[in-house]
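What the coordinates show
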Amino acid sequence: MTEASHTASGKSRTGCVPAPAQQKDVERRVREAGALIFDCDGTLLKTPDLYAAAWQSAFANAGLEMKLDWYHARAGMSEHVLLAAFEAETGVAIDRSRAVRDLRHFILTHMDKVEEIPRIAAIARANNGLKPMAVASGGSHQIVLASLQASGLLHLFETVVTIDDVSSAKPAPDLFLTAAARLDVDPQACLVFEDSLQGIEAAKAADMRWIDVTLP
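Given the structure is predicted, the values throughout are model-derived calculations rather than measurements.

1. Points about unusual backbone geometry
Cis geometry is adopted by the peptide bond preceding P171, which originates at K170 and carries an omega value of 20°. By secondary structure assignment, the location of P171 is in the loop between β3 (159-161) and α8 (174-183). Its identity as a non-glycine residue notwithstanding, D184 has a phi of 60°, on the positive side. Phi is positive for D207, close to 65°, though the residue is something other than glycine. Relative to the assigned elements, D207 resides in the loop between α9 (197-205) and β5 (209-212).

2. Remarks on the pattern of salt bridges
What the rule picks out here adds up to 13 salt bridges. Measuring nitrogen to oxygen at the nearest pair gives 3.0 Å for the salt bridge that ties K170 to D39. Highlighted residues: K170 in the loop between β3 and α8 and D39 in the loop between β1 (35-38) and α2 (48-61), separated in sequence by 131 residues. Both residues of the pair, K170 and D39, belong to the buried class. A salt bridge links K67 to E65; the nearest nitrogen and oxygen atoms lie 3.4 Å apart.

3. A short note on the sheet that holds strand β2 (residues 133-136)
Spatially, β3-β2-β1-β4-β5 is the arrangement adopted by the five strands of the open sheet, whose pairing is parallel. Each of the sheet's edge strands pairs with one partner strand only, and the pair in question is β3 and β5. Going across the sheet, the axis of each strand differs from the next one's by a mean of 20°, ignoring polarity. Along the sheet face, α9 touches β4 (190-194) and β5 and points at about 165° away from the line of β5.

4. Comments concerning the side chain of S151
Residue placement: S151 occurs in helix α7 (residues 141-151). Only 3.0 Å separates the side chain of S151 from the backbone oxygen of L148, close enough to count as a polar contact. Residues contacting S151, with those up to four places away along its chain left out, are L45, V114 and E116.

5. Focus on the nonpolar core
For soluble globular proteins, the rule of thumb is that nonpolar side chains tend to be buried together. Counting 49 residues, the largest nonpolar core has L36, F38, L44, W55, L148, F157 and F193 as its most contacted members. At seven residues, the largest contribution of residues to this core is made by α2. Judged by nonpolar contacts, the second largest core, of 22 residues, contains A35, I37, V161 and V185.

6. Quick notes on the packing of α2 against helix α5 (residues 96-108)
Interhelical geometry of α2 versus α5 gives an angle of 135° and a closest axis separation of 8 Å. Comparing the axis directions of α2 and α5 gives the class oblique. Relative to α5, the crossing made by α2 is right-handed. Packed against α2, whose contacting residues are L50, Y51, A53, A54, W55, S57, A58 and N61, the element α5 presents R98, A99, D102, L103, F106 and I107 at the interface. Partitioning the contact of α2 with α5 into residue classes produces 10 nonpolar, two polar and two charged.

7. Some words on the packing of helix α4 (residues 79-90) against α5
Orientation of α4 relative to α5, taken along the N-to-C sense of each, is 125°, at an axis distance of 11 Å. Comparing the axis directions of α4 and α5 gives the class oblique. Between α4 and α5 lies a crossing whose hand is right-handed. For the pair formed by α4 and α5, the contact residues are E79, H80, L83, A84 and E87 on the first element and R96, A99, V100, L103 and R104 on the second.

The rules behind each value
Residues numbered from 1 in each chain as written. Predicted model: local features only at pLDDT ≥ 70, side-chain atom pairs only at ≥ 80, totals over all residues. Heavy atoms only, no water. Helix = DSSP H or I, 4+ residues; strand = E, 2+ residues; numbered from the N terminus. Salt bridge = Lys/Arg side-chain N within 4 Å of Asp/Glu carboxyl O. Buried < 20%, exposed > 50% of the residue type's maximum accessible area, 1.4 Å probe, protein only. Pairing = 2+ DSSP bridges. Axes fitted to C-alpha atoms, helices over the stretch in contact; angles between N-to-C directions. Contact = heavy atoms within 4.5 Å. Polar contact = N/O pair within 3.5 Å; in protein donor to acceptor, adjacent residues only side chain to side chain. Core = buried A, V, L, I, M, F, W, Y, C linked by side-chain atoms within 4.5 Å. Parallel < 35°, antiparallel > 145°, perpendicular 65-115°, else oblique. Left-handed = near helix turned anticlockwise from the far one by under 90°. Nonpolar A, V, L, I, M, F, W, Y, C, P; charged D, E, K, R; others polar.

Keep in mind these values describe shape, not function.
Structure, rendered in structure tokens:
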């Protein structure tokens, strides 16, 4: 885990194990931070595969195909941002309301598939009660809260900010700035944990330090 440029594809590599020197650097940066802000999907939780299956199901219900490679290159995008990207790239219109409804239904009925990412969840647990902490996710309020509850992590955070709370999705800084404001911490004192290109760009735009959790 380090502050470095992300892969162009935005794909997650959450199985990487940090080297000892890099782990110490992460620990130092966590100690120095005034607050910790975590992305949810792909950062705290192993949900990219669940989301991929949910999107495939939602698209299939609309008589369309969504290829896994196409999705994984855009994992982390908010629902309507991803749908807009699909329409722009294919020229095929989709009933967005129905697609989102079908997506969320699939995820909510498969909450037993939600697992934490141990090395990131461990950081949150270790700092519970020691530092202000928030989740800032491009997912919906309904899904993010349900996922954090199912994983047993929800109680660790003072606040959870979702796409339903802001006007612009990542890479706009709105989610992170709202989290900092709710925690009453200066954005420059916040350390963000992210797994996606758009999330890292959002942290930069918010003038926050960040850690790419997909890198060793």
